[in-house]
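# Coordinate inspection notes
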Amino acid sequence: MQKDIFLGLGSNVGDRNEALKTAIELLQKTETISVLECSNVYETKPVGVTDQADFLNLVLKAATSSPPQELLQVTQSIEKEMGRIKDVRWGPRNIDLDILLYNDENIMMEELIIPHPRMAERAFVLIPLMDVISNSKTDEVKHWLSSLPAEEKAGVRLY
Ligand SMILES: Nc1nc2nc(S)n(CCO)c2c(=O)[nH]1
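So, a few notes on the structure that sits alongside this text. Just so it is clear, the model here is predicted, and its values are computed rather than measured.

## Digging into the environment of tryptophan 144
Its location among the elements puts tryptophan 144 in helix H4 (residues 135-146). What makes tryptophan 144 partly exposed here is its relative accessible area of 23%. Taking C-alpha positions, tryptophan 144 is 5.8 Å from alanine 120, a pair spaced 24 residues apart along the chain. The contact partners of tryptophan 144, leaving out residues within four places of it in the chain, are Met119, Ala120 and Leu126.

The following block contains the structure:
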């Protein structure tokens, strides 16, 4: 049984565009994942820890037969394979894969909360998400976007 998922990818260290491409290739190579659609790539002002380099962000839609915890293992192993050093929380990273949505399910676990708890306040997620979300869900995403400050949305530019 394939479930639709949405992943948020980001990079702000090294060859950021190359890192995004590699992460997508590694996802596609994963037995239980097929990448269906990728958003545009956006250059985005860092939020959280702001004194760091701009990110490149994208959101992709995929189908998976992995249950949520297994999907988390997959994303973490791809980050590790790409040399992600989990050092400063919210600091610079060569690659970051966030699970945003898993089907229409709500998952509340110690290590995994889906929908991603901060996605509704992140223009760097919502704007790329608009590129790949189905029409039935755009109103909800637009609603979240409408409550974000204009300067945060302005910090998300097509790359
Ligand atoms: N613009 C931007 N800011 C961010 N802050 C954090 S933490 N991250 C990592 C994603 O959780 C990002 C990001 O991907 N993009």
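Moving on, there is more to tell.
## What to know about the site of the ligand
The ligand sits among Thr44, Lys45, Pro46, Val47, Phe55, Asn57, Trp90, Arg93, Asp96, Asp98, Arg122 and Phe124. Within the contact set of the ligand, a nitrogen atom lies 2.8 Å away from a backbone nitrogen or oxygen of valine 47. Here an oxygen atom of the ligand sits 2.9 Å away from a polar atom, N or O, in the side chain of asparagine 57. The cavity where the ligand resides is the largest pocket. Taken together, the elements giving at least two residues each to the shell around the ligand come down to strand E4 (55-64) and strand E5 (96-102).

## Some thoughts on the pattern of salt bridges
One pass over the structure, following the stated rule, counts 10 salt bridges. The residue lysine 21 makes a salt bridge to glutamate 18 at a minimum N-O spacing of 3.9 Å. Of this pair, lysine 21 and glutamate 18 both sit in helix H1 (residues 16-29), 3 residues apart, roughly one helical turn. Judged by its relative accessible area of 43%, lysine 21 falls in the partly exposed class.

## Observations concerning helix H2 (residues 68-81)
In this model H2 runs 20 Å from its N-terminal to its C-terminal C-alpha over 14 residues, within 8% of the 20 Å that 1.5 Å per residue would give. Inspection of H2 places Pro68, Leu71, Leu72, Val74, Thr75, Ile78 and Glu79 among the buried residues, and these make up the whole buried set. Axial view of H2: buried residues confined to an arc of 160°, hence all on one face. Away from the buried face of H2 by more than 90 degrees, exposed residues Gln73, Lys80 and Glu81 are located. For H2, the elements touching its buried residues are strand E1 (3-11), H1, strand E2 (33-38), E4, E5 and strand E6 (107-108). Just downstream of H2, glycine 83 is the residue with a positive phi angle, here 85°.

Calculation rules
- Residues numbered from 1 in each chain as written.
- Predicted model: local features only at pLDDT ≥ 70, side-chain atom pairs only at ≥ 80, totals over all residues.
- Heavy atoms only, no water.
- Helix = DSSP H or I, 4+ residues; strand = E, 2+ residues; numbered from the N terminus.
- Buried < 20%, exposed > 50% of the residue type's maximum accessible area, 1.4 Å probe, protein only.
- Contact = heavy atoms within 4.5 Å.
- Near = heavy atom within 4 Å.
- Polar contact = N/O pair within 3.5 Å; in protein donor to acceptor, adjacent residues only side chain to side chain.
- 1 Å grid on protein atoms, 1.4 Å probe; cavity = no way out; pocket = protein on both sides within 12 Å on 5 of 7 lines; lining within 4 Å.
- Sits in = over half its atoms within 2 Å of the grid points.
- Salt bridge = Lys/Arg side-chain N within 4 Å of Asp/Glu carboxyl O.
- Expected span 1.5 Å × (residues − 1).
- Arc of directions from axis to C-beta.

Any functional reading would require information that these geometric values do not contain.
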